[in-house]
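What the coordinates show
One-letter residues, chain by chain:
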Amino acid sequence: MDQNELKQLAANAAIDYIKPKLDNKTIVGVGTGSTTNLFIDQLAELKGWFAAAVSSSDASTERLRAHGIDVLDLNSAGPVAVYVDGADESNQHLQLIKGGGAALTREKIVAAVAEEFVCIVDDSKMVDLLGAFPLPVEVIPMARSHVARELVKLGGDPVYREGVVTDNGNEIIDVHNLEILNPPELESRINQIVGVVCNGLFANRGADVLVVASADGVKTLLPE
């Protein structure tokens, strides 16, 4: 079973998980990325089962609307019952690194609003220690060099993601070789750097449920 098949398995399992929670008032939060795209395609088959969606990126909004799903502005959406998104890494505590698709800030906003955050991954994303995947940091463009210098002080090797502009009009620095022993603390420290909009550690608000697809099937994990 290849990785695309595993992603499809995770997306299908997420649909099965949220289906009992849906009614005509439910707002579904939807993330960004290749696994989430498969979830969106499956969610389209349930579009009569829920009220509308909110989205973490322009790309996901476009995909949802192409399926005929109503997408609301988060400010006017009301309660978001469940948010479904992927991750670039997860540990057993359901703390995540996200942002490979440069949508981390909006993803973190929707996750913060949602009553339940369901993360869907294949087993290649599971790690004992976060940080093998470079940590994305969204920055105000004029602060990029300042932020990079501060990230070096934290032990990282920052690399500007050239040619990428976020949906918010900002830039991305990917931080390599970070030793992330305390994800919540590091998340907060990086967010305190002047010029940082958001970083891709989802530790202070991690996932509530992790759906992990492997060749042996699907496991649903809760925080330890």
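Further up the page is the structure itself.
First things first, this report covers the structure right here in the doc. (Residues numbered from 1 in each chain as written. Predicted model: local features only at pLDDT ≥ 70, side-chain atom pairs only at ≥ 80, totals over all residues. Heavy atoms only, no water.)

Focus on the pairing of strand β9 (residues 171–176)
Here β9 lies mainly inside the structure; five of its six residues are buried. In terms of strand pairing, strand β7 (residues 135–139) meets β9 through five bridges, oriented antiparallel. The residue of β9 that forms the bridge with Leu 135 is Val 175. Sheet analysis places strand β8 (residues 157–160) next to β9, joined by four bridges and oriented antiparallel. Looking at the pairing, Tyr 160 lines up with Ile 173 of β9. (Buried < 20%, exposed > 50% of the residue type's maximum accessible area, 1.4 Å probe, protein only. Helix = DSSP H or I, 4+ residues; strand = E, 2+ residues; numbered from the N terminus. Pairing = 2+ DSSP bridges.)

Let's talk about the environment of Gln 192
Within the secondary structure, Gln 192 is located in the loop between α6 (183–191) and β10 (196–199). On a C-alpha basis, the gap between Gln 192 and Ile 172 in space is 16 Å, while along the polypeptide they are 20 residues apart.

Quick look at the pairing of strand β6 (residues 117–122)
Of all the six residues making up β6, six are buried; the element is thus mostly covered by neighbouring parts of the structure. The alternating pattern of β6 places Phe 117, Cys 119 and Val 121 on one face and Val 118, Ile 120 and Asp 122 on the opposite face, and all of these are buried. When strand β3 (residues 82–85) meets β6, the two strands line up parallel, connected through three bridges. Following the sheet pairing, Asp 85 is matched in β6 by Cys 119. In terms of strand pairing, β6 meets strand β12 (residues 209–214) through five bridges, oriented parallel. The residue of β12 that forms the bridge with Cys 119 is Leu 210.

Digging into helix α5 (residues 144–153)
For α5, the full list of buried residues reads Val 147, Ala 148 and Leu 151. Projected onto a plane normal to the axis of α5, the buried residues spread over an arc of 100° and lie on a single side. When the buried face of α5 is taken as reference, the exposed residues oriented beyond 90 degrees from it are Arg 149 and Lys 153. (Arc of directions from axis to C-beta.)

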